[in-house]
Amino acid sequence: MTVPHSQPISETESPRQRCCAVPRRVPTVPSHSGAKPAQIRGAVAIAISCLLALAASTVQASPLRSPKSKATADAERSQLEAELRAAERALAENDAASAYRLATAAFRRDPSPEVLYLLGRVALAQGRRLDAQDLMRRFLADPGLDLAADAPEARAATQIVAEPAAESAQLNILGDREAQIVVDGRLVGRLPLSRPLLLSPATHKIEIVRGERRIEDSVRVPLGRLAELRCDLSSRTSLLSILPTIVLLPLTLDDGTGQAALLRMLEDAMAKARVAPLRADLAFALAGEPAPDACPDARRCALALAQSSEADYLLQLATAKDGSRTSLHLAFIDGQVGELAAQGERTCPACTVEVAGAQLIELFTALYDQARKRPRSRLELHVEPSDAQVFLDDRGLGPVPFSGPLFAGTRQLVVKKDGYQDVRRSVELNEGQTTRLDLSLVPEPEPAPAPLLAVPQVATQASKRSTLRLILGGSAIAGGAVLLGYGISGLLLNNRCEDLSIPISDNAQCPQIYKTGPPGAVLLGFGIALSGAGVLLMALPAKKPRPASQAAGGAGDSTAKTPKP
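Throughout, residues of each chain are indexed from 1 in the direction in which the sequence is written. Reporting of local features is limited, given that this is a predicted model, to residues whose pLDDT is at least 70; pairs of side-chain atoms are given and counted only at 80 or more, and all residues count toward the totals for whole chains, interfaces and linings. Side-chain calculation: all heavy atoms of the structure are included, whereas hydrogens and water are not.

## Here we look at the overall build of the protein chain
Quick reminder of the rule: Every helix listed is a DSSP run of H or I at least four residues long, and every strand listed is a run of E at least two residues long, numbered separately from the N terminus. Contact criterion: two residues are considered in contact whenever any of their non-hydrogen atoms come within 4.5 Å of each other. Under the convention used here, a 1.4 Å probe and the Shrake-Rupley method define accessible areas, while residue burial counts only the protein chains that appear.
A count of helices and strands for the protein chain gives 14 helices and 20 strands. Intrachain contacts of the protein chain at a sequence separation of at least 6 include 56% that bridge at least 24 residues. Looking at the protein chain as shown, the accessible area adds up to about 34500 Å², and 55% of this sits on carbon and sulfur atoms.

## Things to note about the pattern of salt bridges
The condition that has to hold: Throughout this description, the term salt bridge denotes a Lys or Arg side-chain nitrogen within 4 Å of a carboxyl oxygen of Asp or Glu. Buried means the residue's accessible area, taken with a 1.4 Å probe over protein chains only, is under 20% of the maximum for its type, while exposed means over 50%, and partly exposed covers the values in between.
Within this structure, the stated rule accounts for 20 salt bridges. Salt-bridge contacts for Arg230 lead to Glu228; the nearest nitrogen and oxygen are separated by 3.3 Å. What makes Glu228 buried here is its relative accessible area of 2%. Salt-bridge contacts for Arg436 lead to Asp438; the nearest nitrogen and oxygen are separated by 3.4 Å. Residue Arg436 is classed as partly exposed on the basis of its relative accessible area of 48%. For Asp438, a relative accessible area of 52% corresponds to the exposed category. Taken together, the shared-partner salt bridges in this structure form one network comprising Glu339, Asp393, Arg395 and Arg411.

## Description of the environment of Thr203
Residue placement: Thr203 occurs in strand 5 (residues 203-210). Along the chain, Thr203 and Val219 lie 16 residues apart, while their C-alpha atoms are 5.5 Å from each other. When neighbours within four sequence positions are excluded, Thr203 is seen to be in contact with Ser218, Val219 and Arg220.

## Considerations on unusual backbone geometry
For the bond from Leu191 to Pro192, the omega torsion is 0°, close enough to zero to count as cis. With respect to the helices, strands and loops of the structure, Pro192 is situated in the loop between strand 3 (186-190) and strand 4 (197-199). The phi angle at Asp184 is positive, at roughly 55°, despite the residue not being glycine. Within the secondary structure, Asp184 sits in the loop between strand 2 (180-183) and strand 3. Phi at Arg236 is positive, roughly 55°, even though this residue is not glycine. Along the chain, the position of Arg236 falls in the loop between strand 7 (226-232) and strand 8 (237-242).

## What to know about the nonpolar core
Across soluble globular proteins, nonpolar side chains show a tendency to be buried alongside one another. Basically, it comes down to this: Among buried residues, those of type Ala, Val, Leu, Ile, Met, Phe, Trp, Tyr and Cys that are joined through side-chain atoms within 4.5 Å constitute a nonpolar core.
Core analysis: the biggest nonpolar cluster contains 45 residues, and Ile246, Phe332, Phe364 and Leu381 have the highest contact counts within it. For this core, the leading source of residues is helix 11 (residues 353-372), giving 7 residues. Not counting chain neighbours up to four residues away, the residues in contact with Ile246 comprise Met270, Val275, Ala276, Pro277, Leu278, Tyr313, Leu314, Leu315, Phe332, Phe364 and Tyr368. Core analysis: the second largest hydrophobic core is formed by 27 residues, Leu80, Ala106, Phe107 and Ala157 among them.

Here it is, written out as structure tokens:
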């Protein structure tokens, strides 16, 4: 059909553009009965063509799914309820394998919180406690859950989640909506996940399935860490990233603040911020560090804890309740710098646990953003001698040499060592730069010697008598030795023959016999006496001389005390 007097249509125009094209000249249709039938038929044809083209383009742009008939929906619902009842019977009969098969089929048909809870019960019956905690945790966080907090299912799930968890890691999966997640051959959920998966720190086979499309990957997440797996079914690619970790230090909590609920809300906020919460007990076990009460230096142990567990931050939470008033305090410690990165407090009067949790999440979000934006620098410090201690803003950095990251800004540096003068210096650490300092310590000056005590000089006078004693004593000893020799010889020759070759027994044949006994005894006695006298003369100490001052003073006193005539 030709349209007279209309604008030519380009071949590249879409049906919608063709319909909306305005002709330069539209033939007028007279209202009187004299209008030509051909003109009327042409105008009606144009209107019908535009409507058909518009409808076709709309259907092509957004195809609609044909809704299921009521009979089909009722049949599927009946089949689902039959599978759920059969799974419940299998659980009651301790047939966990059949219960798992039926619950999995039900979940493929209807991935509702109700079926997720059933899968958690099956995992618990099979002894897979970590899987049961993972399923129950996601059941409680499912946005489609419409269940009272005191309902039996909610209480049972909460009790399972609150039990001590085995060593685990977390994996969050991002991808096409409604894609099913299979871990190690078990169906565990559907995207999007309400909470990250809890996995053991081992290698797992992850399958993401939607219709005919499928992605398979082997994933291993370190203990206590949170990983994120991004999947694209259209290109069949996946990317695994290990997200930052925050260690939740031993908390100071008031029992009246609903600590369990607040911790759960805080962990949810951390997960939304793409951060892995790591409990302190697991972090200390990973780092091999002593417990906080056994650590002499809490800051050093905290820094070692962060570095050993590869944590980005350490988070301290303190809550207190005073009547109807609840106080919340958060403090972030940078895991690499080891310094306080951000801290803040919120107080809400007469607030419920939900309101306190909202305040806590708001405080966490603001402080975490503030901590990440703190500018950082790096300091390299070398000091002679090398075993000096370094302090930065009254915080000990340890012995030199020191090399590590610090917060940028104007910092006060102090270097100390026994026997050397302290070095105090203001250091400007620029963001993104490395500052190098080489310092030399100056020994402390030697203390001035103490004044010597004045000792009075003593004038000594040589004693001639003492020298005489030495001479006389020596002479007496020498003379006594001579007399002793003669006396002993006389005693030995007494009653001996003059001819010494004749024995004493033949003295009768000797013409002359020595009679030297009495003289020898006398000489021996004199020798002993003379030698003893010489020894005494030499052994007796000399008379102590008097100081000259005393001698002079004594002379003056004697003169002063002389009576007048």
